[in-house]
Amino acid sequence: LESTFSGLLTEFRAGSKRACARLLSVVENEPDAGTAILDELYPLMDRAYRVGITGPPGAGKSTLVEKMGRECRNRGKTVGIVAVDPTSPFSGGALLGDRVRMPSLFTDPGVFIRSMATRGGLGGLAARTKEVCDVLDAFGRDIIIIETVGVGQVELDVAATAQSTVVVLVPESGDSIQTMKAGLMEIGELFCVNKSDRDGADRLVMEVETMVEMKKGDGWMPPVVKTVATNGKGVPELLDRLEEHRRFLEASGLLTSRRRESIRDEIVELADDWLRREVWQRPEVAAQLAALVEQTFAGRTTPYKAAEAIVKQAVASR
Ligand SMILES: Nc1nc2c(ncn2[C@@H]2O[C@H](COP(=O)(O)OP(=O)(O)OP(=O)(O)O)[C@@H](O)[C@H]2O)c(=O)[nH]1
Ligand SMILES: [Mg+2]
């Protein structure tokens, strides 16, 4: 690792956005080298505040993220933006879309923007969202804003890596709030009623507030903030509420307990991956599997006994 990436790592530590982009590509695309890089960067992580922004397609998330980014810069904070874009027709290419949408941010050295395509939904790339945030965290960003369309598993992964999750709703989704996926309402720690320059915003705010009151919580009552992302109205308040949520997490001890939990989950997940690869790539396991398929096919054993035999053999031969 040292020989191949030491130059890049040195530049990265000195704050080079170019080096950061290169390392991110490695982390996203090369599992082994990526793991080595993450391992190297680990001591630099866990300083950033991570905020997930999710909501239905076209709710104004990207517009909002840009305004939030600017407001954070006004407040003297460095910003990382991760746009997890499904291969949707909306932006016609994630990176280009964000470049066009966020021109002022792209040239600011205090802002780093990364777009990730999910390649058709639940692909392996989506699973790297956390790692991309980890790298930006190590890069020294004060706040990392992660945009996802709230349509699948991705936003749940993002909610798991983010300390605060903002769900963006719009008035035209007004009566669909009942039909909105329960999961989306469930993960919201803040609600943002965007496009509040349109009719129905106040009614939607009331509906969301009613819904939020019925939520059994951990002592946090999710606030509902009205915004107009196109002109930035409500964005400072949104950031104030986020700051309050952060302070709540700190004061209640949830920040540290969740951090422990996520470390545990991460270790288990990494070990799990490693075990699977370790076992299935062994030639004798492949041979055993092939034999067991035939035996099961011939009715001499069952899939249940076959699976047990594989695990027992794998453990015994370690
Ligand atoms: N009237 C009004 N339009 C808005 C507002 N916020 C965003 N828009 C517009 O809504 C459209 C979609 O905005 P985006 O920011 O691309 O929405 P998004 O949620 O990121 O969209 P996807 O990433 O494709 O799901 C754009 O045309 C915006 O200009 C707002 O507060 N009021
Ligand atoms: Mg967007």
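Being a predicted model, the structure only gives us computed values, none of them experimental.

*Asks:* An account of the coordination of the magnesium ion (ligand 2) is requested, with residue identities and associated values reported.
*Replies:* In this structure, S62 (OG) and E147 (OE) serve as the protein donors to the magnesium ion (ligand 2), at separations of 2.1 to 2.2 Å. Of this pair, S62 sits in helix 4 (residues 61-74) while E147 sits in strand 4 (residues 143-149), and the two are 85 residues apart along the sequence. There is no split in this pair, since S62 and E147 are both buried.

*Asks:* Could you give me a rundown of the pattern of salt bridges, with the residues and numbers involved?
*Replies:* Scanning the model with the defined rule gives 23 salt bridges in all. When the shortest N-O distance is used, the salt bridge between R246 and E250 registers 2.6 Å. Placement of both R246 and E250 in helix 11 (residues 235-251) is noted, with a separation of four residues, approximately one turn of the helix. Take R246: its relative accessible area is 21%, and that puts it in the partly exposed class. By relative accessible area, which is 43% here, E250 ends up partly exposed. It is possible to trace a salt-bridge network through shared partners that takes in R50, K130, D134, D137 and E266.

*Asks:* Describe the packing of aromatic side chains, with residues and values.
*Replies:* Counted under the stated rule, the structure contains three aromatic pairs. Centroid distance F112 to F139: 6.0 Å. Interplanar angle 70°. Geometry classified as edge-to-face. In this pair, F112 sits in strand 3 (residues 111-117) while F139 sits in the loop between helix 7 (129-138) and strand 4, placing the two residues 27 residues apart along the sequence. Considered together, F112 and F139 belong to a single accessibility category, that of buried residues.

*Asks:* Help me get a handle on helix 7, residues and values and all.
*Replies:* Within helix 7, nine of the ten residues are buried, leaving the element largely enclosed by the surrounding structure. Among the residues of helix 7, those classed as buried are T129, E131, V132, C133, D134, V135, L136, D137 and A138. Two residues or fewer past helix 7, G140 is found with a positive phi of approximately 100°.

*Asks:* Got a sec to walk through the packing of helix 2 (residues 17-29) against helix 7? Specific residues and values, please.
*Replies:* Packing of helix 2 against helix 7 leaves a shortest axis separation of 10 Å and a crossing angle of 155°. Comparing the axis directions of helix 2 and helix 7 gives the class roughly antiparallel. Our pair here, helix 2 against helix 7, has a crossing hand that is right-handed. Between helix 2 and helix 7, the contacting residues are C20, L24, V27 and E28 on the first element and E131, V132, V135 and L136 on the second. Of the residues belonging to the contact of helix 2 with helix 7, the class tally is six nonpolar, no polar and two charged.

*Asks:* How would you sum up a nonpolar patch on the surface? Please name residues and give values.
*Replies:* A surface patch of nonpolar side chains, about 290 Å² in accessible area, is lined by W280, L289 and V293. Inspection of the secondary structure puts V293 in helix 13 (residues 283-297). Classification of V293 by relative accessible area gives partly exposed; the value is 46%.

*Asks:* I'd like a description of a negative patch on the surface, backed by residues and values.
*Replies:* On the surface, D157, E261, D265, E269 and D273 cluster together into a negatively charged patch. In terms of residues, the negative patch owes the most to one element, helix 12 (residues 254-280), which gives four residues. Among the structural elements, E261 can be located in helix 12.

*Asks:* Describe the nonpolar core, listing the residues and the values that go with them.
*Replies:* Note on soluble globular proteins: their nonpolar side chains tend to be buried together. Counting residues in hydrophobic clusters, the biggest one holds 31 residues, and the most contacted among them are I53, L64, M68 and V166. Among the elements that line this core, the one with the most residues is helix 11, at six residues. Sequence-distant contacts of M68, that is, excluding residues within four places in its chain, are made with I53, I145, V235, L238, L239 and L242. One finds V26, I37, V132 and V158 within the second-largest nonpolar core, a separate group that totals 30 residues.

Conventions we followed
Residues numbered from 1 in each chain as written. Chains lettered and ligands numbered in written order. Predicted model: local features only at pLDDT ≥ 70, side-chain atom pairs only at ≥ 80, totals over all residues. Heavy atoms only, no water. Donors = N, O, S within 2.8 Å, 3.2 Å for Na, K, Ca; no water. Helix = DSSP H or I, 4+ residues; strand = E, 2+ residues; numbered from the N terminus. Buried < 20%, exposed > 50% of the residue type's maximum accessible area, 1.4 Å probe, protein only. Salt bridge = Lys/Arg side-chain N within 4 Å of Asp/Glu carboxyl O. Phe/Tyr/Trp six-rings, centres within 6.5 Å; stacked < 30°, edge-to-face > 60°. Axes fitted to C-alpha atoms, helices over the stretch in contact; angles between N-to-C directions. Parallel < 35°, antiparallel > 145°, perpendicular 65-115°, else oblique. Left-handed = near helix turned anticlockwise from the far one by under 90°. Contact = heavy atoms within 4.5 Å. Nonpolar A, V, L, I, M, F, W, Y, C, P; charged D, E, K, R; others polar. Patch = residues over 30% accessible without salt bridge, like charges linked within 9 Å, V, L, I, M, F, W, Y side chains within 5 Å. Areas by Shrake-Rupley, 256 points an atom, 1.4 Å probe, with all protein chains shown as cover. Lys, Arg positive; Asp, Glu negative; His and termini not counted. Charge placed at Lys NZ, Arg CZ, Asp CG, Glu CD. Core = buried A, V, L, I, M, F, W, Y, C linked by side-chain atoms within 4.5 Å.

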